[in-house]
Amino acid sequence: MNPDIAATALAAAREAAAAAADVIRHYWRRGVEVELKSDATPVTVADREAEQAIRRILQAALPQASIYGEEFGLDGERGGLLWLVDPLDGTKSFVRRTPFFSTQIALMDGDELVLGVSSAPVYGETMWASAGTGAWLDGERVHVADTTGMAQTSISIGNVKSLTGDARWEALGALIRDSNRIRGYGDFCHYHLLARGSLDLVIESDVNILDVAALAVIVREAGGVFTDLDGAPLTLDTRSVLAGTPAIHAQALPRLRR
């Protein structure tokens, strides 16, 4: 991507995330009514207004790019430059008054994820990255840990319910037994912890690309590896994640690959 376009895009994504944070904080204080979508997942006015605020800023900054958002779908074509937006990832947490929700904004150039912003306004963290420029937490550059042995590995899991009937379930149990400790931070949080060296491996199933696209760029720019559970690169159809330090990802992948 042209460096000038990349800089414009990153500035716009950060501005859009900040605008969404204002909307989210407003409704966090006053509370919201919850509706159910056709897939039985919750949605609120905060989700919709946050995405509208994001779209206005992204469209003005980069009118040649399409936008694919959680609440309002695809505006434009899937090829070329494509924004991926989840205005409030973790709505279930939001409505239950726990701070583990975030705004996720990523940019794809063709098949390549090139930019990501992850803003958790109530939790109090914003991370961002663009290809070749490193990963940043509130202005400080971050890097994954140098962990190389499974016995020293801290693992975090999320959305593993769908793995309980899968052949991977026993493999996951064996991997956990060989590790140092297991946690379930979930959502944006364990990817932030991975990118800044506070844990070593994240395992998730039943995800949507909008949930993890920005986080993938951040983890990669922090020196980590981010694939699906079979080791494939992320696409718009990705449904699982294996992310970790290079050494630990390499050890976990053959054990979890289908």
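Above this text is the structure in question.
Because the structure is predicted, anything quoted here is derived from the model rather than measured. (Residues numbered from 1 in each chain as written. Predicted model: local features only at pLDDT ≥ 70, side-chain atom pairs only at ≥ 80, totals over all residues. Heavy atoms only, no water.)

With 4 bridges connecting them, strand S3 (residues 66–69) and strand S5 (residues 81–89) associate as parallel partners. Bridging from a neighbouring strand, Ser66 pairs with Leu82 of S5. Note that S3 and strand S4 (residues 73–75) share 3 bridges and pair antiparallel. In the strand pairing of S4, Gly69 is matched with Gly73. If you look at the hairpin formed by S3 and S4, you'll find 3 residues sitting between the two strands. (Pairing = 2+ DSSP bridges. Helix = DSSP H or I, 4+ residues; strand = E, 2+ residues; numbered from the N terminus.)

This paragraph deals with the sheet that holds strand S14 (residues 225–227). With respect to topology, 5 strands assemble into an open sheet ordered S12-S11-S13-S15-S14, the strand pairing being mixed. Of all the strands in the sheet, just strand S12 (181–183) and S14 have a single pairing partner and so form its edges. Adjacent strand axes in the sheet meet at a mean angle of 15° when their direction is disregarded. Contacting strand S11 (154–158), strand S13 (201–205), S14 and strand S15 (240–244), helix H5 (residues 187–195) crosses the sheet at an angle of about 155° to S13. Helix-sheet contacts for helix H7 (residues 246–256) involve S13, S14 and S15, and the interaxial angle to S15 is about 145°. (Axes fitted to C-alpha atoms, helices over the stretch in contact; angles between N-to-C directions. Contact = heavy atoms within 4.5 Å.)

The next thing to look at is the nonpolar core. Grouped together as the largest cluster of nonpolar side chains are 36 residues, with contacts concentrated most on Leu84, Leu113, Tyr191, Val212 and Phe226. It is helix H6 (residues 209–221) that contributes the most residues to this core, 10 residues altogether. Excluding its chain neighbours within four sequence positions, the residues that come into contact with Tyr191 are Val202, Glu204, Val212, Leu215, Val219, Phe226, Val241 and Ala243. (Core = buried A, V, L, I, M, F, W, Y, C linked by side-chain atoms within 4.5 Å. Buried < 20%, exposed > 50% of the residue type's maximum accessible area, 1.4 Å probe, protein only.)

What follows covers the pattern of salt bridges. Pairing between side chains of opposite charge can happen when their charged atoms approach one another. The full count for this structure, using the stated rule, is 10 salt bridges. Between Asp22 and Arg25 there is a salt bridge, with its nearest N and O atoms 3.5 Å apart. Here Asp22 and its partner Arg25 are both found in helix H1 (residues 3–30), 3 residues apart, which amounts to about one turn of the helix. The closest approach of N and O atoms between Lys37 and Glu71, which form a salt bridge, is 3.3 Å. Of this pair, Lys37 sits in the loop between strand S1 (35–36) and strand S2 (42–43) while Glu71 sits in the loop between S3 and S4; the two residues are 34 residues apart in sequence, bridging distant segments of the chain. With a relative accessible area of 21%, Lys37 lands in the partly exposed category. (Salt bridge = Lys/Arg side-chain N within 4 Å of Asp/Glu carboxyl O.)

For the rest of this paragraph, the subject is unusual backbone geometry. We note that Arg97 has phi near 65°; this positive angle belongs to a residue other than glycine. If you trace the backbone, Arg97 turns up in the loop between helix H3 (91–95) and strand S6 (102–109). For Arg97, a relative accessible area of 47% gives the class partly exposed. Backbone geometry at Asp206 places phi at a positive 55°, although glycine is not the residue there. Mapped onto the fold, Asp206 is located in the loop between S13 and H6.

Bringing the sheet that holds strand S10 (residues 140–142) into the picture now. Strand order across the open sheet formed by 8 strands is S4-S3-S5-S6-S7-S8-S9-S10, with mixed pairing between neighbours. Each end of this open sheet is capped by a strand with a single partner; those strands are S4 and S10. Neighbour-to-neighbour, the strand axes of the sheet open up by a mean angle of 20°, direction not taken into account. As judged from the 7 bridges shared by S5 and S6, these two strands associate in the antiparallel manner. In the strand pairing of S6, Asp89 is matched with Ser102. Together, S3, S4, S5 and S6 form the strand contacts of helix H2 (residues 45–61), whose direction differs from that of S5 by roughly 150°. Against the sheet, H6 contacts S3, S5, S6, strand S7 (112–120), strand S8 (125–130) and strand S9 (135–137), and its axis sits at roughly 100° relative to S7.

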